[in-house]
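Overview (structure and organization)
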Amino acid sequence: MRIAVGGIHTECSTYSPVLMAVEDFRVLRDADLLGADYFNFLDADGIDHVPLLHARAVPGGPVSRETYEVFKAEFLAKLQAALPIDGLYLAMHGAVNVEGMDDAEGDWISAARTVVGPDCPIAASYDLHGNVSQRIIDQLDIFAAYRTAPHIDVRETMVRAWSMLVETLRTGNRPGVAWAKVPVLLPGECTSTEDEPAKSIYLGLPGFDAQPGILDANLMIGYVWADEPRATACAVVTGSDKASASKVAEAIALQYWNARENFGFGPVTGPLEEMLDIAGAATTSPVILADSADNPTGGGVGDRADVLRALIARNWQGALLAGITDRPAVEACFAAGEGASVTLCIGGSLDPASIAVDVTATVLRLDDPGGLADRQALIRAGGIEIVLAARRRPYHNIEDFRRLGLDPKTVRLLVVKSGYLSPELAPIANPNLMVLTDGVVNQDIANLASDRRVRPVFPFDRDFDYTPQAKLSARWQG
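This is a predicted model, so every value here is computed, not measured.

What follows covers empty space enclosed by the protein. Empty space among the atoms becomes apparent when a probe as large as a water molecule is rolled across them. All chains considered together, the criterion is met by one cavity of 30 Å³ or more. Taken as a whole, the largest cavity encloses approximately 40 Å³ of empty space. Around the largest cavity sit P296, G302, A322, G323, T325, R393, P394, Y395, V416 and K417, which together line it. Residue classes in the lining of the largest cavity are distributed as five nonpolar, three polar and two charged.

Pairing is mixed across the open sheet formed by nine strands, whose spatial order is 10-18-11-17-12-16-15-14-13. Where the open sheet ends on each side, the last strands, each with one partner, are strand 10 (268–270) and strand 13 (341–346). On average, each strand axis in the sheet is tilted by 30° relative to the strand beside it, whichever way the strands run. In terms of strand pairing, strand 10 meets strand 18 (residues 432–435) through three bridges, oriented parallel. Of the residues in strand 18, the one forming a bridge with V268 is L433. Across the sheet, helix 9 (residues 272–281) is in contact with strand 10, strand 11 (287–291), strand 17 (413–416) and strand 18; its angle to strand 18 comes to roughly 160°. In the packing of helix 11 (residues 327–336) onto the sheet, the strands contacted are strand 12 (317–325), strand 13, strand 14 (357–367), strand 15 (376–381) and strand 16 (383–389), and the crossing angle to strand 13 comes to about 175°.

The buried fraction of strand 9 (residues 233–239) is high, at seven of seven residues. Residue alternation in strand 9 divides its side chains into two sets, A233, A235, V237 and G239 and C234, V236 and T238, and both sets are buried. Two elements, strand 7 (residues 176–182) and strand 9, share seven bridges in a ladder whose sense is antiparallel. By the bridge assignment for strand 9, A180 is matched with A235. Taken together, the six bridges between strand 8 (residues 214–220) and strand 9 define a ladder with antiparallel strand orientation. Within strand 9, the residue paired with L219 across the bridge is A235.

A few words on unusual backbone geometry. With an omega of 5°, the peptide bond between A149 and P150 qualifies as cis. Omega for the peptide link from R455 to P456 comes to 5°, which places this bond in the cis form. Mapping P456 onto the fold places it in the loop between strand 18 and strand 19 (471–472). Although it is not a glycine, D30 sits at a positive phi angle of roughly 50°. Among the structural elements, D30 can be located in helix 1 (residues 30–35). Residue classification places D30 among the partly exposed positions, given a relative accessible area of 35%. Of note in this structure, D103 is not a glycine but carries a positive phi near 60°. With respect to the helices and strands, the residue D103 is situated in the loop between strand 4 (87–91) and helix 3 (104–116).

What follows covers the sheet that holds strand 4. With mixed pairing, the six strands of this open sheet are ordered in space as 2-3-1-4-5-6. If you trace the sheet from one side to the other, it starts and ends with strand 2 (25–29) and strand 6 (142–145), each paired once. On average, each strand axis in the sheet is tilted by 10° relative to the strand beside it, whichever way the strands run. Note that strand 4 and strand 5 (residues 122–126) share four bridges and pair parallel. Residue pairing in the sheet places L88 in a bridge with I122 of strand 5. On the sheet, helix 2 (residues 65–82) packs against strand 1 (2–9), strand 2, strand 3 (48–57) and strand 4 and is oriented at approximately 180° with respect to strand 3.

In this section: the pattern of salt bridges. Here the structure, examined in full by the defined rule, presents 30 salt bridges. Ionic pairing is found between D368 and R375, a salt bridge with its closest N-O pair at 3.4 Å. The class for D368 is partly exposed, based on a relative accessible area of 40%. Of the residues examined, R375 reaches a relative accessible area of 18% and is grouped as buried.

Attention now goes to the side chain of R375. Mapping R375 onto the fold places it in the loop between strand 14 and strand 15. Among all residues touching R375, those that are not within four sequence positions of it are V330, F334, D367, D368, P369, L388, A389 and A390.

Further remarks concern the environment of H93. Relative to the elements of secondary structure, H93 occurs in the loop between strand 4 and helix 3. Of the residues examined, H93 reaches a relative accessible area of 3% and is grouped as buried. Among residues more than four places away in sequence, those in contact with H93 are I8, H9, T10, E11, Y126, D127, H129 and G130. A polar side-chain atom of H93 sits 3.5 Å from the main-chain carbonyl oxygen of T10. In this structure the side chain of H93 is engaged in a polar contact, spanning 3.2 Å, whose partner is the side chain of E11.

Helix length check: helix 3, at 13 residues, gives a terminal C-alpha distance of 19 Å against a target of 18 Å (1.5 Å per residue), a fit within 8%. Counting buried positions along helix 3 yields 12 of 13 residues, so the element is predominantly enclosed. Burial in helix 3 covers these residues: A104, E105, G106, D107, W108, I109, S110, A111, A112, R113, V115 and V116. Looking at the residues trailing helix 3, positive phi occurs at G117, about 85°.

Reading the values: rules and limits
- Residues numbered from 1 in each chain as written.
- Predicted model: local features only at pLDDT ≥ 70, side-chain atom pairs only at ≥ 80, totals over all residues.
- Heavy atoms only, no water.
- 1 Å grid on protein atoms, 1.4 Å probe; cavity = no way out; pocket = protein on both sides within 12 Å on 5 of 7 lines; lining within 4 Å.
- Points joined across faces, edges and corners; volume = space filled by probe spheres on them.
- Nonpolar A, V, L, I, M, F, W, Y, C, P; charged D, E, K, R; others polar.
- Pairing = 2+ DSSP bridges.
- Helix = DSSP H or I, 4+ residues; strand = E, 2+ residues; numbered from the N terminus.
- Axes fitted to C-alpha atoms, helices over the stretch in contact; angles between N-to-C directions.
- Contact = heavy atoms within 4.5 Å.
- Buried < 20%, exposed > 50% of the residue type's maximum accessible area, 1.4 Å probe, protein only.
- Salt bridge = Lys/Arg side-chain N within 4 Å of Asp/Glu carboxyl O.
- Polar contact = N/O pair within 3.5 Å; in protein donor to acceptor, adjacent residues only side chain to side chain.
- Expected span 1.5 Å × (residues − 1).

That is the geometry; function is a separate question.
Laid out in structure tokens, this is it:
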């Protein structure tokens, strides 16, 4: 039996003016896809996996229409050439926004369905911060989503979706999908599965899996920084029994709805100056301060220097800021060389609305992995060390720092562009502070521009009633 594999994976803030292009994506094709660690679980007796195309990018602004069409055309051409196939596995995110298009995943999956026909089962894995639509549900037979945020079950989720597809092909028993919208849109920073009430809700999902007629139960938080009609939370259930799947979808949806007022930030959170006061008074280290509204892994631009400006104004000593995206500044550092003194305007290199700051700094270290877009520079301005990146990227893993000769555990204050901290940084935070900064993924949710969302939806609206109503996929209704 033959299973084709591919997909597109990123999330896009519609509040960002910076469009994503082809060069922003890591693209796996053909044998490179099967050889990547990301897909190395694709191994089952009697199954021949056919690699197509998988495009993945650090979250950001909307994907340019041209970029999306290039990837989609190549994916569909490879899918057509792979026929006949017995199944299709799509590794998706769920929050792709394409300029001039609603529901990019709905477009991608529908196009794939047109190629493979009605008899081929399609399985999809999603990030729990993806947005779902009836169009998406109608094309799928199998759905599985992350159950952790921070995401430590990516591989496990992909295996869940793929395993259900393999079992479908081996047994001939075709599952289906039911879902129930929940008119709630909260940020990931308020719905971390490490904190209540999300922790208990997500820990309860495997219990639903164990019920007769249920294969996989999911709660989608949705992606709040996409002002688009499909943006909402929802419960999505893969099952073998329509009535059971519908009942479970409605139960999960009601759980989330009833808990909506109880979600909040896990770490100590507040305005920048207040958080810096706490950091300044701390007797423990490292204090890790998360610049939440410019977080690249949430769709932030990554080029704002708000926190750097505030640290300079306080003449802060012993801070490491990692990092700020600023390719012109990186190139200026490379031109000057290690040990040189440089005068830089840092910030605002991508988004004209981003805060910038002028500094005179010493170039401490240059990192050139082999391409201009991947260069990094470590500089020191007064008592502050700053990592500059030519490309939008996070600094969430210890190896990100080691590569530059840094040890984040030894600094007094570490500033990262993040919301909730990554699994590698969270254990060393002492304490963890999250700053309510400005940016295209800011936490002032109720006051985000909301021109295209379907209303009412909490917390944009509060005075309305809700009763879950599950719907089946069109494929399961037939």
